[in-house]
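# Examination of the molecular architecture
These are the residues of each chain, in order.
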Amino acid sequence: MRVLSGIQPSGRLHIGNFFGAIRQHLQLQTEHDCFYFIADFHALTSNPEPADIARYSLDVAMDYIALGLDSEKTIFWRQSDVPEVTELTWLLSCITPMGLLQRCVSFKDKVAAGLSPNHGLFAYPVLQAADILIYKSDLVPVGADQKQHIEVTRDIAIRFNNTYGEIFTVPNEYIIESVAVVPGTDGRKMSKSYGNTIEMFEPEGAIRKKVMRIVTDSTPVEEPKNPDNCNVFTLLKLFASSQELTEWENRYRSGGTGYAEAKKRLAELVIDYFKPFRQKRCELEKDISYVKQVLSKGAGRAKAIAAETLAQARKAVGLGA
Ligand code: ADP
Ligand code: TRP
């Protein structure tokens, strides 16, 4: 089965991204032909600083490689290195009804959050459809927030096939069962855009500091606490063994344990969890040319497939005859 997913280089990746996406992407590598890319064309929709988009793209690449992306098996590249996808976006745009895009919740949410809407943001799902269709992907593992975009992709693929002939594979989404939403240090969803993240590979001291700042209620040390509405406990669930978690649950419920103690343990667990990959991440940081080489090899493999599909689509719509 051909599996494809993209991740935006809109900031440094964090443990919410890890448990909500990266971990599953890496697991799927063993059983399927995986295609993963850094969605830098998509990131442009929020008008980042040019230097940031370049830096974050490399950061995403280093994080994935350090965490175990197998670049021999998996095709891994930067979206903009295969510009064929933008030409397909245009062909798809011309059969995409405005209403389909006007219904997209992600666009509406971003506008409601104060982002001034540009055309790229509105057309974002069509570029995403082109990403998926150009590689004839069967399965697209994404978080629940992306479900609608995969439905739009299916709709566009079916329309195109009905109009011009069976060119595209109609993909299925695979909604990643995240261990629920990972909370950030302020208790909201951990997100690059909220400044409440804990990154996998930031310095250990910074991880400790951030964990100690996680928002909790003001229940005094001696009183019982409810683990079910505690951000620290929600994060402990991701990192502690089931035996240790039960112990923490009992300690919360019986009182006598302060949040600071749980936070200290959480910080050590987070650091230990990523420790085996940290060394690799440091080595990559010192060998950027290797990272660029991985991406360029991936782009070459991706481009061969993309060019073939694009040629089929151009011919189907009547171009270049
Ligand atoms: P961010 O909100 O930090 O910008 P993205 O929207 O780029 O993150 O998300 C990339 C992937 O990581 C998506 O598949 C998304 O579902 C997942 N993800 C992001 N934040 C979290 C979170 N706090 N908990 C679980 N999954 C998350
Ligand atoms: N929109 C996705 C996100 O924000 C990223 C993305 C771009 C993507 N193109 C894709 C995901 C194609 C899956 C398939 O998470």
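A short tour of the structure in this document, coming up. Remember, predicted model here, so these are calculated numbers, not experimental data.

## Focus on helix H12 (residues 259–285)
Bending of H12 peaks at approximately 60 degrees at the position of Lys275, with proline Pro276 no more than four residues after it. Looking only at H12, the buried set comprises Tyr259, Ala262, Lys263, Leu266, Ala267, Leu269, Val270, Ile271, Phe274, Arg278, Arg281 and Leu284.

## What about the site of ligand 1?
Not every one of the 14 residues close to ligand 1 is listed here, only the nearest: His14, Val182, Met190, Ser191 and Lys192. Measuring from an oxygen atom of ligand 1, one finds a side-chain N or O atom of His14 at 2.7 Å. One of the backbone nitrogen or oxygen atoms of Lys192 is found 2.7 Å away from an oxygen atom of ligand 1. If ligand 1 stood free it would expose 540 Å²; the protein chains cover 84% of that surface. Grouping the constituent residues of the shell around ligand 1 by class yields four nonpolar, seven polar and three charged.

## A closer look at the environment of Phe274
Inspection of the secondary structure assignment puts Phe274 in helix H12. Note on Phe274: relative accessible area 1%, which makes it buried. Here the alpha-carbon distance between Phe274 and Asp155, two residues 119 residues apart in the chain, equals 40 Å. Sequence-distant contacts of Phe274, defined by excluding residues within four places in its chain, comprise Ile15, Phe18, Leu67, Met200, Phe201 and Phe239.

## Focus on the site of ligand 2
Taken together, 14 residues form the shell around ligand 2, and within it Gln8, Tyr124, Gln128, Asp131 and Gln146 come nearest. Tyr124 places a polar side-chain atom, nitrogen or oxygen, 2.7 Å from a nitrogen atom of ligand 2. Gln128 places a polar side-chain atom, nitrogen or oxygen, 3.1 Å from a nitrogen atom of ligand 2. Protein chains shield 89% of the accessible area of ligand 2, which is 370 Å² for the free molecule. The set of elements that each furnish at least two residues to the shell around ligand 2 consists of strand E1 (2–7), helix H7 (119–134) and strand E4 (139–142). Sorting elements by how many residues they give to the shell around ligand 2 places H7 first, with four residues. Of the residues belonging to the shell around ligand 2, the class tally is seven nonpolar, six polar and one charged.

Conventions adopted
- Residues numbered from 1 in each chain as written.
- Chains lettered and ligands numbered in written order.
- Predicted model: local features only at pLDDT ≥ 70, side-chain atom pairs only at ≥ 80, totals over all residues.
- Heavy atoms only, no water.
- Bend = angle between axes of the 7 residues up to and from the residue.
- Helix = DSSP H or I, 4+ residues; strand = E, 2+ residues; numbered from the N terminus.
- Buried < 20%, exposed > 50% of the residue type's maximum accessible area, 1.4 Å probe, protein only.
- Near = heavy atom within 4 Å.
- Polar contact = N/O pair within 3.5 Å; in protein donor to acceptor, adjacent residues only side chain to side chain.
- Areas by Shrake-Rupley, 256 points an atom, 1.4 Å probe, with all protein chains shown as cover.
- Nonpolar A, V, L, I, M, F, W, Y, C, P; charged D, E, K, R; others polar.
- Contact = heavy atoms within 4.5 Å.

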